[in-house]
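# A look at the structure
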Protein chains: 2
Amino acid sequence: MVTLAEVAQHAGVSASTVSYVLSGKRSISAGTRQRVERSIQELGYHPNAGARALASSKSNIIALMVPLRTDMYVPVMMEIAIAVATTARIHGYDVLLLTGEEGPDAVRRVTGSGLADAMILMDVELDDERLPLLRDTDQPSVLIGLPADTSGLTCVDLDFGATGALCVEHLAMLGHREIAVVGEAPAVYERHTGFAERTLDGLRSRARELGLRVLHRPCEGGYDAMAATLARIFDERPGTTGFVVQNESAVEPLLALLRQQGRAVPEDVSVIAVCPEQVALQASVRLTSVAIPAQEMGRRAVEQLVAKLDGRETDEVVLLAPELTVRASTGPLTGG
Amino acid sequence: MVTLAEVAQHAGVSASTVSYVLSGKRSISAGTRQRVERSIQELGYHPNAGARALASSKSNIIALMVPLRTDMYVPVMMEIAIAVATTARIHGYDVLLLTGEEGPDAVRRVTGSGLADAMILMDVELDDERLPLLRDTDQPSVLIGLPADTSGLTCVDLDFGATGALCVEHLAMLGHREIAVVGEAPAVYERHTGFAERTLDGLRSRARELGLRVLHRPCEGGYDAMAATLARIFDERPGTTGFVVQNESAVEPLLALLRQQGRAVPEDVSVIAVCPEQVALQASVRLTSVAIPAQEMGRRAVEQLVAKLDGRETDEVVLLAPELTVRASTGPLTGG
DNA sequence: ACCCGGTATCGAAGCGCTTCGACAACCTAT
DNA sequence: ATAGGTTGTCGAAGCGCTTCGATACCGGGT
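The following refers to the structure shown. Everything quoted here is computed from the prediction, not taken from an experiment. (Residues numbered from 1 in each chain as written. Chains lettered and ligands numbered in written order. Predicted model: local features only at pLDDT ≥ 70, side-chain atom pairs only at ≥ 80, totals over all residues. Heavy atoms only, no water.)

Let's shift gears to the sheet that holds strand S3 (residues 118-121) of chain B. Ordered in space as S11(A)-S5(A)-S4(A)-S3(A)-S1(A)-S2(A)-S2(B)-S1(B)-S3(B)-S4(B)-S5(B)-S11(B), the twelve strands form an open sheet in which the pairing is mixed. Edge positions in the sheet fall to strand S11 (317-320) of chain A together with strand S11 (317-320) of chain B, since each of these pairs with one other strand and no more. The sheet shows a mean angle of 20 degrees between the axes of neighbouring strands, direction not considered. Bridging between strand S5 (residues 155-158) of chain B and S11 of chain B involves four bridges; their strand directions are parallel. The residue of S11 of chain B that forms the bridge with Asp-157 of chain B is Leu-319 of chain B. (Pairing = 2+ DSSP bridges. Helix = DSSP H or I, 4+ residues; strand = E, 2+ residues; numbered from the N terminus. Axes fitted to C-alpha atoms, helices over the stretch in contact; angles between N-to-C directions.)

Looking now at the interface of chain B and chain A. Taken together, the contact between chain B and chain A spans 51 residues of the former and 50 residues of the latter. The junction of chain B with chain A conceals about 4200 Å² of combined surface from both sides, 65% of it contributed by carbon and sulfur atoms. Notably, a salt bridge pairs Arg-109 of chain A with Asp-94 of chain B, separated by 2.7 Å at the nearest N-O pair. Applying the counting rule to chain B against chain A returns ten residue pairs in polar contact (both at pLDDT 80 or more). Taken together, the elements giving at least two residues each to the side of chain B that touches chain A come down to helix H4 (49-56), strand S1 (61-66), helix H5 (74-90), strand S2 (94-99), helix H6 (104-113), helix H11 (223-236) and helix H12 (248-260) of chain B. Residue contributions to the side of chain B that touches chain A peak at nine residues, all from H5 of chain B. When grouped by side-chain class, the residues that make up the side of chain B that touches chain A number 25 nonpolar, 15 polar and eleven charged. Across three bridges, the pairing between strand S2 (residues 94-99) of chain A and S2 of chain B is antiparallel. (Contact = heavy atoms within 4.5 Å. Buried area = accessible area lost by both parts, 1.4 Å probe. Salt bridge = Lys/Arg side-chain N within 4 Å of Asp/Glu carboxyl O. Polar contact = N/O pair within 3.5 Å; in protein donor to acceptor, adjacent residues only side chain to side chain. Nonpolar A, V, L, I, M, F, W, Y, C, P; charged D, E, K, R; others polar.)

Below, the discussion takes up the layout of surface pockets. Residue and element names in this part refer to chain B. Space inside the second largest pocket adds up to approximately 1200 Å³. No other element matches H4, which puts seven residues into the lining of the second largest pocket. In the lining of the second largest pocket, the residues fall into 19 nonpolar, 15 polar and six charged. (1 Å grid on protein atoms, 1.4 Å probe; cavity = no way out; pocket = protein on both sides within 12 Å on 5 of 7 lines; lining within 4 Å. Points joined across faces, edges and corners; volume = space filled by probe spheres on them.)

Attention shifts here to the pattern of salt bridges. Going through the model one piece at a time under the given rule, you end up with 38 salt bridges over all chains. For Arg-206 of chain B, the salt bridge identified is with Glu-209 of chain B, shortest N-O distance 2.4 Å. Placement of both Arg-206 of chain B and Glu-209 of chain B in helix H10 (residues 195-210) is noted, with a separation of three residues, approximately one turn of the helix. In this structure, Glu-296 of chain B and Arg-300 of chain B form a salt bridge, with 3.3 Å as the shortest nitrogen-oxygen distance. Taken as a pair, Glu-296 of chain B and Arg-300 of chain B lie in helix H14 (residues 294-309) at a separation of four residues, close to a single helical turn. Accessibility expressed as a relative area gives 27% for Glu-296 of chain B, which makes it partly exposed. The class of Arg-300 of chain B is partly exposed, set by a relative accessible area of 25%. Via salt bridges that share partners, Arg-89 and Asp-94 of chain A together with Glu-102 and Arg-109 of chain B belong to a single interconnected network. (Buried < 20%, exposed > 50% of the residue type's maximum accessible area, 1.4 Å probe, protein only.)

Our focus in this paragraph is the nonpolar core. What tends to happen in soluble globular proteins is that the nonpolar side chains get buried as a cluster. Membership of the largest hydrophobic core comes to 105 residues, with the highest contact counts inside it found for Ile-120 of chain A together with Ile-120 of chain B. When neighbours within four sequence positions are excluded, Ile-120 of chain A is seen to be in contact with Ile-62, Ala-63, Leu-64, Met-65, Val-84, Val-142, Ile-144, Ala-301, Val-302 and Leu-305 of chain A. Within the second largest apolar cluster, 38 residues are counted, among which are Ala-63, Leu-121, Val-124 and Leu-134 of chain B. (Core = buried A, V, L, I, M, F, W, Y, C linked by side-chain atoms within 4.5 Å.)

For the rest of this paragraph, the subject is the sheet that holds strand S6 (residues 178-182) of chain A. Residue and element names in this part refer to chain A. Across the sheet, six strands lie side by side as S7-S6-S8-S9-S10-S12; this open sheet has mixed pairing. Strand pairing shows two members of the sheet lacking a second neighbour, strand S7 (213-217) and strand S12 (324-325), which therefore form its edges. Helix H8 (residues 160-173) contacts S6, strand S8 (242-245), strand S9 (270-275), strand S10 (288-291) and S12 of the sheet and is inclined by roughly 165 degrees relative to S9.

With that out of the way, let us pick up the pairing of strand S1 (residues 61-66) of chain A. Taken residue by residue, a regular strand's side chains alternate between the two faces of the sheet. Residue and element names in this part refer to chain A. Of all six residues that make up S1, six are buried, and the element is covered over most of its length. Along S1, one buried face is formed by Ile-61, Ala-63 and Met-65 and the opposite face, lined by Ile-62, Leu-64 and Val-66, is buried too. Sheet analysis places S1 next to S2, joined by six bridges and oriented parallel. The residue of S2 that forms the bridge with Ala-63 is Leu-96. Sheet analysis places S1 next to strand S3 (residues 118-121), joined by four bridges and oriented parallel.

Now for the protein's contact with DNA strand D. Residues in close proximity to DNA strand D total 27 residues, the closest being Leu-4, Arg-26 and Tyr-45 of chain A together with Thr-17 and Thr-32 of chain B. Of all atoms in DNA strand D that approach within 4 Å of the protein, 55% are sugar or phosphate atoms. The contact in question runs from a phosphate oxygen of DNA strand D to an N or O atom on the side chain of Ser-27 of chain B, over 2.5 Å. Mapped by element, the contributors of at least two residues to the surface near DNA strand D are helix H2 (15-23) and helix H4 (49-56) of chain A together with helix H2 (15-23) and H4 of chain B. By residue number, the principal contributor to the surface near DNA strand D is H4 of chain A, which donates five residues. A breakdown of the residues in the surface near DNA strand D according to their chemical character gives twelve nonpolar, eleven polar and four charged. (Near = heavy atom within 4 Å.)

Right under this line is the structure:
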């Protein structure tokens, strides 16, 4: 294992000079710099992370807490995680992967031990028990998701309220008057993760303004659950012609069931999904959808965090504007 | 930030004593131990990770390299990653998340800087360019996946050869004679990730022994791609009655297409999927499947790695035995 | 010739921890 | 009573780096 001192000796300079070449914190003459850089190359030197962290009180590591549950939106989570890792590398940070399992203790452990310089939390609940700790510590953090009280926190999320509104507007424009919302599993609502409720609220209030009727039904993923949910929906509101689906694993079953019941998409009923692009593109009908910009969310979260670490000012809440892409699953209500 | 020295002073002992209480590497009297532990509690002490790493040359971090591509088996990857993180914590390690993006450089960086004590690589290609580096360094590593040459490496994977054989045996037993294999996207084969080929090899050789005909077609995920693939299959082998699908995102489209063509599952054709349990359970037909034991793979990888770090002997290759679960998508060939 | 402000480099201290050798204090076994 | 072995604790060195003066050198103004 090559050390700074060895590089210094090889280049015929002092250790501190090598350090300054590396960090650029003091000016170094071109000649010296080149000699040092050549020595680094030749010896294959890599700074020791532990020593660096100890001396500088900076680990250059960002902790990412992902939910332990793998029951929902897994591809989204993964995409966010990968975007976080990739963006962090660009800014010179590595990413430590923590699972939600440890809960608040993980926050204490990481802040206490100086393992990471900052953290990103995913799957934030409305009244998350980790939030007081974050407010207390001076370690920067960014949430992906929106808790009830954002004061003193920095959050990045899709504007789910606007997402809901957007869906309902599109359907209204096409002439639909009765909308069914196929939501996430009941557990998601009980957990108060926020995004599901926010979508619903945005959707409902816009629907009220536009005079549409909305029926919301949570739904576990899968074919059987969707079948039961769909039956209940048509039972209660036979006139339903528009569907908004916010549950990846209910999308394909819904399409299959509608087909089976002889309801054509989009001639008889329209379907909008709130899901990643890939799901919308791979479904048996190319879906009109509002994309969940997972990559963008991960990227923005890191950028906010790096800004904080650099002492720059950051926004309190970054809400990404939803975009609706019209594809083959929605169309005008023809006749009656 | 509380330090060891402060704890020592508070407890009225020397710093080294506190260190030994923490590590248990020397005997400490019960009284002293309790006093120190109380001080640690009261002051809320957490050892500084950097200092510890520097002094002990151990970071207690495991690096996990996940593929950058999010085009395949994402839930499997995520589940593995989470299992790795969870299991690592149990053994006192944290997990550093690296993306495949940096490639071999990441290996150099991590081993060189002492950022991590060991690494786990996912998505290993048959002739992966990172392997020479791993063989060269004395840093322990475990691969999830199976390269062409495993000498000097430790690998954990599902026994995909046996998986293929198992599928064909089940279909043969039910009386099927013509089998179609719907494989991964062509890109996966071109990349030589191994598992796809191994499944196919196992399947083919068992089919030969049992006298079945096999037709293999790679398939991009999604409805349209599956439709094209299916058309080609029935065109070439109209007598096909058994399907083996090794591509999550082709499963549901296949079922929908068969239904649409009036072929009943399992009365007319049988379908076996190689996929995570959840996919098999949520499909529109409950699928007979061979599960991909993602959690088990992550867990075993960490356990192998920890064994290595502890200086214990490890297996070179851990192949998990596949298990076929019979559900509603396969049945005996009725009549002809 | 002299002082001045830059610029380039060095030396030393110190970050918080682990670990080794030393050393008391005690307990047997002679 | 004394040598020899345990057991529990301490002090100091050192891990590899950053960073803060200090120093030496240079050219320009007077």
